[in-house]
Amino acid sequence: MRYKILRICTVLLSFILQGTVCRAIAFGNIGPNLLIIVTASFGFMLGSKPGILAGFFLGLLVDVFNGGVLGFHALLYMYIGYFNGFFKRLFFKDELKLQILLVACSDFLYGLVYYILMFLLRGKFHIGYYMMHIIFPEVVYTVLLTIVLFSVMTLINRVREKRIDRSSGEVV
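Residues numbered from 1 in each chain as written. Predicted model: local features only at pLDDT ≥ 70, side-chain atom pairs only at ≥ 80, totals over all residues. Heavy atoms only, no water.

Novice: Can you explain unusual backbone geometry? Please cite residues and give values.
Specialist: Positive phi outside glycine occurs at Asn-29, with the angle close to 70°. Tracing the sequence through the fold places Asn-29 in the loop between α2 (21-24) and α3 (34-46). (Helix = DSSP H or I, 4+ residues; strand = E, 2+ residues; numbered from the N terminus.)

Novice: Report on helix α4 (residues 48-66), specifying residues and quantitative values.
Specialist: Spanning 19 residues, α4 covers 26 Å between terminal C-alpha atoms, matching the ideal 27 Å at 1.5 Å per step. Tucked inside the fold, the buried residues of α4 contact α1 (2-19), α3 and α5 (72-84). Trailing α4 by a residue or two, Gly-67 shows a phi angle of about 75°, which is positive. (Expected span 1.5 Å × (residues − 1). Contact = heavy atoms within 4.5 Å.)

Novice: Let's hear about the nonpolar core: which residues, and what values?
Specialist: With 27 residues, the main nonpolar core has Phe-44 and Tyr-77 as its most contacted residues. Where this core is concerned, the elements lending two or more residues are α1, α3, α4, α5, α6 (97-118) and α7 (127-166). Considering each element in turn, this core owes the most residues, eight residues, to α3. Those residues in contact with Phe-44, other than ones at most four positions away along the chain, are Asn-84, Gly-85, Phe-87, Lys-88, Phe-91, Gln-99, Leu-102, Val-103 and Phe-150. Residues Tyr-115, Tyr-130, Ile-135 and Val-139 belong to the second largest nonpolar core, which totals seven residues. (Core = buried A, V, L, I, M, F, W, Y, C linked by side-chain atoms within 4.5 Å. Buried < 20%, exposed > 50% of the residue type's maximum accessible area, 1.4 Å probe, protein only.)

Novice: Can you break down the packing of aromatic side chains residue by residue, with the values?
Specialist: The description of an aromatic ring pair rests on the distance of the ring centres and on the angle between the ring planes. Taken as a whole and judged by the stated rule, the model has 16 aromatic pairs. When the ring of Phe-56 is compared with that of Phe-57, the centres are 5.2 Å apart and the planes differ by 70°; the resulting orientation is edge-to-face. Taking relative accessible area as the criterion, Phe-57 reaches 43% and is therefore assigned partly exposed. Ring centres of Tyr-115 and Tyr-130 lie 5.1 Å apart, and the angle between their planes is 35°; this geometry places the pair in the tilted category. Remark: Tyr-130 occurs in helix α7 and Tyr-115 occurs in helix α6; sequence separation between them is 15 residues. (Phe/Tyr/Trp six-rings, centres within 6.5 Å; stacked < 30°, edge-to-face > 60°.)

Novice: Go over the environment of Leu-70 with me, naming the residues and quoting the values.
Specialist: Tracing the backbone through its elements, the reader meets Leu-70 in the loop between α4 and α5. Under the relative-accessibility criterion, Leu-70 is labelled exposed at 63%. Placed 30 residues apart in sequence, Leu-70 and Ala-40 show a C-alpha to C-alpha distance of 21 Å. Every residue in contact with Leu-70, bar those within four places of it in the chain, is listed here: Leu-60, Asp-63 and Val-64.

On their own, these measurements won't tell you what the molecule is for.
Right, dumping it as structure tokens:
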């Protein structure tokens, strides 16, 4: 039960941080996508079902509070959580390469699908401009934030595991 509450708090906190801190540290109106990091992390750390749930609720929050087509972001984030869930068997806590690769691919595909559905279908064929000025900078920025976040998460997890070992299997 405690872990479910922690997951819900993680989803809400990431949405709040995406709307406040990530906008404040944006360069040229391009900021990291914390929601992709959280959705992908839930997917490859916990499996497809938690990834889908996290993606759905994060996307729904984006749709409700930012306007637009209701369900569009929820569907995109759900797919990201679902497909990252396939890599749960390959996930190792201390291995950062797979995590960075999955977050980078997820953010790139999110940007590409967003471009196709929101711009290309409206007749705006500037994919080169969109790739170089929106998608790639956001992917790089998100990967940099991923490195920092996973380093902090790994450190917290190690401290938690030491506390479990010292207390003979019970969390203090």
